[in-house]
Amino acid sequence: MANVAIVTDSNSGITQAAARELGIRVLPMPFYINEELFFEDVTLTQEQFYQRLAQDADISTSQPAPGDVTDLWDEMLKDHDQVIYIPMSSGLSASCETALMLAADDAYKGRVFVVDNQRISITQRQSALDALEMARAGMDGQAIHDVLMRERLEASIYITVDTLKYLKKGGRVTAAGAAIGAVLNIKPVLQIQGEKLDAFAKARGWKAAKKIMLDAMEKDITQRFAGQKIHLAAAYTCSEETAREWRAEIEARFPGYELHMDKLSLSVACHIGAGSMAIACSREIHTAS
């Protein structure tokens, strides 16, 4: 039976402390703030990040240095036969493509399995937990990789942002569109359902936006995943009080589901800003073909 290590990155929202408790490793994502390098949850806390964001600091994301990736793999391979590496979606970052290239080296063939998981944040977190469960059940790296690849699109995230400012910065909306949206209190509802962050709907105000997200999630549960078990999750960059209210609304709409809630990873937050809320689901893993 292969001894398989599970590794993901901080885009999953899994903190370093939580990773130690779970028995996995999390590669911290690098950020540049006013051209100074920081690493998520290592040299950059959530509080520091939002403070700098509020100050209009120049913040940009980057992919991990190849040496940092292979150093972590090498460390894990000292005590494990194989490594499952789950980076953020290849549709959102080049880090997955880089990892796939690194894993093609003879030193890692058959030992490191990179999963192009098409997920981020709470759905990426669930993939890491699924991989951990499969590894503990005795599955080898190739088998775990194949299941995760098969299940990679069986998830949805719906997210609403509080301001169009950061989408404008990223070129996702025009300056005129952002200005009109601010005047009309437009809250765009975005969707991640494989690969990229896409527009889903527009709402006038938070009440309407939350209803759109909850309705979309209900449709996924009752139609797309009809008769199947799902993991329900939520995420946020809003205040803790607002997050508690959002949690209560989700639990009232979907009674009987265990809800996991996390702060959004900083790689997502820097593109959408503070004040956002999200809801997500992923199909419960099953290993039968």
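Everything discussed here concerns the structure shown above.
Residues numbered from 1 in each chain as written. Predicted model: local features only at pLDDT ≥ 70, side-chain atom pairs only at ≥ 80, totals over all residues. Heavy atoms only, no water.

S.K.: It is not clear to me how the environment of A235 should be interpreted in this structure. Could you clarify?
M.R.: Along the chain, A235 falls in strand β11 (residues 230–236). Sequence spacing of A235 and K263 is 28 residues, and the spatial spacing of their C-alpha atoms is 5.2 Å. Contact partners of A235, with chain neighbours within four places excluded, come to S121, I122, W246, D262, L264, M277 and A278. (Helix = DSSP H or I, 4+ residues; strand = E, 2+ residues; numbered from the N terminus. Contact = heavy atoms within 4.5 Å.)

S.K.: Just to check I follow, could you spell out the packing of helix α3 (residues 66–77) against helix α4 (residues 95–103) for this structure?
M.R.: Packed helix pairs are characterised by how far apart their axes lie and by the angle those axes make with each other. Viewed as axis vectors pointing N to C, α3 and α4 meet at an angle of 55 degrees, and their least axial separation amounts to 10 Å. Here α3 lies oblique to α4, going by the angle between them. Considering how the two elements wind past one another, α3 and α4 form a crossing that is right-handed. Packed against α3, whose contacting residues are P66, V69, T70 and W73, the element α4 presents T98, A99, L102 and A103 at the interface. Counted by class, the contact of α3 with α4 contains six nonpolar, two polar and no charged residues. (Axes fitted to C-alpha atoms, helices over the stretch in contact; angles between N-to-C directions. Parallel < 35°, antiparallel > 145°, perpendicular 65-115°, else oblique. Left-handed = near helix turned anticlockwise from the far one by under 90°. Nonpolar A, V, L, I, M, F, W, Y, C, P; charged D, E, K, R; others polar.)

S.K.: Looking at this structure, how should I read the pattern of salt bridges?
M.R.: Oppositely charged side chains can pair when the atoms bearing their charge come close. All told, the structure shown has twelve salt bridges when counted by the stated rule. As a salt-bridge pair, D262 and R125 come within 3.8 Å of each other at their nearest N and O atoms. On the criterion of sequence distance, the pair formed by D262 in strand β12 (residues 259–263) and R125 in helix α5 (residues 121–136) is long-range, its members being 137 residues apart. As far as burial versus exposure is concerned, D262 and R125 are alike and both buried. Between D215 and K211 there is a salt bridge, with its nearest N and O atoms 2.7 Å apart. (Salt bridge = Lys/Arg side-chain N within 4 Å of Asp/Glu carboxyl O. Buried < 20%, exposed > 50% of the residue type's maximum accessible area, 1.4 Å probe, protein only.)

S.K.: Is there a simple way to think about the packing of aromatic side chains in this case?
M.R.: What characterises a pair of aromatic rings is the spacing of the ring centres plus the angle enclosed by the ring planes. Inspection of every chain in the model, using the stated rule, returns six aromatic pairs. Look at F31 and F49: their rings are 5.9 Å apart centre to centre, the planes differ by 65 degrees, and that puts the pair in the edge-to-face class. Taken together, the residues span a long stretch of sequence, with F31 in strand β3 (residues 30–33) and F49 in helix α2 (residues 46–54) at a distance of 18 residues. With a relative accessible area of 0%, F31 lands in the buried category. According to the relative accessible area criterion, F49 is buried, its value standing at 0%. (Phe/Tyr/Trp six-rings, centres within 6.5 Å; stacked < 30°, edge-to-face > 60°.)

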